[in-house]
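Descriptive analysis of the structure
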Amino acid sequence: MASDIWNPDAIKEIVGGWADDDEKDFFKNEKGREFTVGYAERSWPDALEYGFLSANFGGSGKSIYNVQVGDTVYCHIAGYGFVGIGECTSTAVPMKNFKVMVDGASTPVADAPWKSEESKEKLDPNKEVFIEVAWKKYVTDINDGYWEKGMTTVPLVVYMLNDKTTHQKVRDHFGYADSAD
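Residues numbered from 1 in each chain as written. Predicted model: local features only at pLDDT ≥ 70, side-chain atom pairs only at ≥ 80, totals over all residues. Heavy atoms only, no water.

The name recorded for the protein in an unreviewed UniProt entry is Putative nuclease of the RecB family, from Bifidobacterium choerinum.

**Re the sheet that holds strand 1 (residues 34–38)**
Within the open sheet, the six strands sit side by side as 2-7-4-3-1-8. Their pairing is mixed. On the outer flanks of this sheet lie strand 2 (52–56) and strand 8 (158–159), each paired with one strand and no other. Across five bridges, strand 1 lies against strand 3 (residues 72–77) in parallel orientation. Bridging from a neighbouring strand, Thr36 pairs with Tyr74 of strand 3. (Pairing = 2+ DSSP bridges. Helix = DSSP H or I, 4+ residues; strand = E, 2+ residues; numbered from the N terminus.)

**Examining the nonpolar core**
Nonpolar side chains in soluble globular proteins tend to be buried together. Tyr39, Trp44, Phe52, Leu53, Val109, Ile131 and Val170 are the most contacted members of the largest nonpolar core, which has 42 residues in total. Listing elements by their share of this core, those giving two or more residues are strand 1, helix 4 (44–50), strand 2, strand 3, strand 4 (81–94), strand 5 (99–102), strand 7 (128–138) and helix 6 (165–174). In this structure, Leu53 is in contact with Val37, Tyr39, Trp44, Ile64, Val73, Cys75, Val129, Phe130, Ile131, Val133 and Trp135, ignoring residues within four places of it in sequence. (Core = buried A, V, L, I, M, F, W, Y, C linked by side-chain atoms within 4.5 Å. Buried < 20%, exposed > 50% of the residue type's maximum accessible area, 1.4 Å probe, protein only. Contact = heavy atoms within 4.5 Å.)

**Describing the side chain of His76**
Along the chain, His76 falls in strand 3. In this structure His76 touches Thr36, Val37, Gly38, Tyr39, Gly81, Phe82, Trp147 and Thr153, once residues within four positions along its chain are discounted.

**Some words on the layout of surface pockets**
In this structure, the second largest pocket occupies an estimated 220 Å³ of space. Together, 16 residues line the second largest pocket, and Gly38, Tyr39, Ala40, Leu156 and Val157 are the ones closest to its centre. The class makeup of the residues in the lining of the second largest pocket is nine nonpolar, six polar and one charged. (1 Å grid on protein atoms, 1.4 Å probe; cavity = no way out; pocket = protein on both sides within 12 Å on 5 of 7 lines; lining within 4 Å. Points joined across faces, edges and corners; volume = space filled by probe spheres on them. Nonpolar A, V, L, I, M, F, W, Y, C, P; charged D, E, K, R; others polar.)

**Details of the pattern of salt bridges**
Per the counting criterion, the structure on display carries seven salt bridges. In this structure, Arg171 engages Glu34 in a salt bridge whose closest nitrogen and oxygen atoms are separated by 3.0 Å. Taken together, the residues Arg171 in helix 6 and Glu34 in strand 1 connect sequence positions 137 residues apart. Glu34 sits in the buried class, given a relative accessible area of 17%. Residue Lys122 is joined to Glu118 by a salt bridge in which the shortest nitrogen-to-oxygen separation is 3.7 Å. Residue Lys122 and its partner Glu118 are located together in helix 5 (residues 117–122), separated by four residues, close to a single helical turn. (Salt bridge = Lys/Arg side-chain N within 4 Å of Asp/Glu carboxyl O.)

What follows is the structure, encoded as C-alpha cells:
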C-alpha cells in the first residue's frame, strides 16, 4: 500500500513530470551521513595520494554503494585505529571506471603509479569498487592511527554507528569540525 502511495513514477505523473537531472536534486543528500569505512589490506598512502577508498564488491563490500556525495567517512584500519576523516565527493564506481589525477591528467586508477604497486596488483579489477574522498584530517603513517578503549567498530566494510561517541572521539582527536557541527 505505501509503495502505491509513494510511487515516484506516479507522483511524477501527477505533478506533470520533471527532468531526470531535477530528480537527482530532489533526492540530493542535504545533510551528509557519517560512515565508518574499514580499509583492510589496501594501500593507505595511495588512498591519501589519490583521494579514494575502495572495497571488494563481495560480501559486505557492496555497502560502499551506500556512501553518497557529502557523507563523512571515518577510515578505520583494523589493528591500527582510525587514520583519516574525509568527505565523499563521488559515489562508488567499479575500478575500471575510477580515475585519478596524475601529472594533471585524468588517469584510470589501475594505470596510475602507486606507492605500493603490490597492493594495487592484489586488487581484483572486476570486483574492486572506489569512492572519491576529499581527505580533511588524517595521519600519513597507519601506525599513528587513533584508538582508545571503549570505541566501537563493526566487522563490516562500510557501516553507520547508532552511538555517535566513537565518531565524536575521532573528530576531537583529529581536531575536525565541519559546517554540520
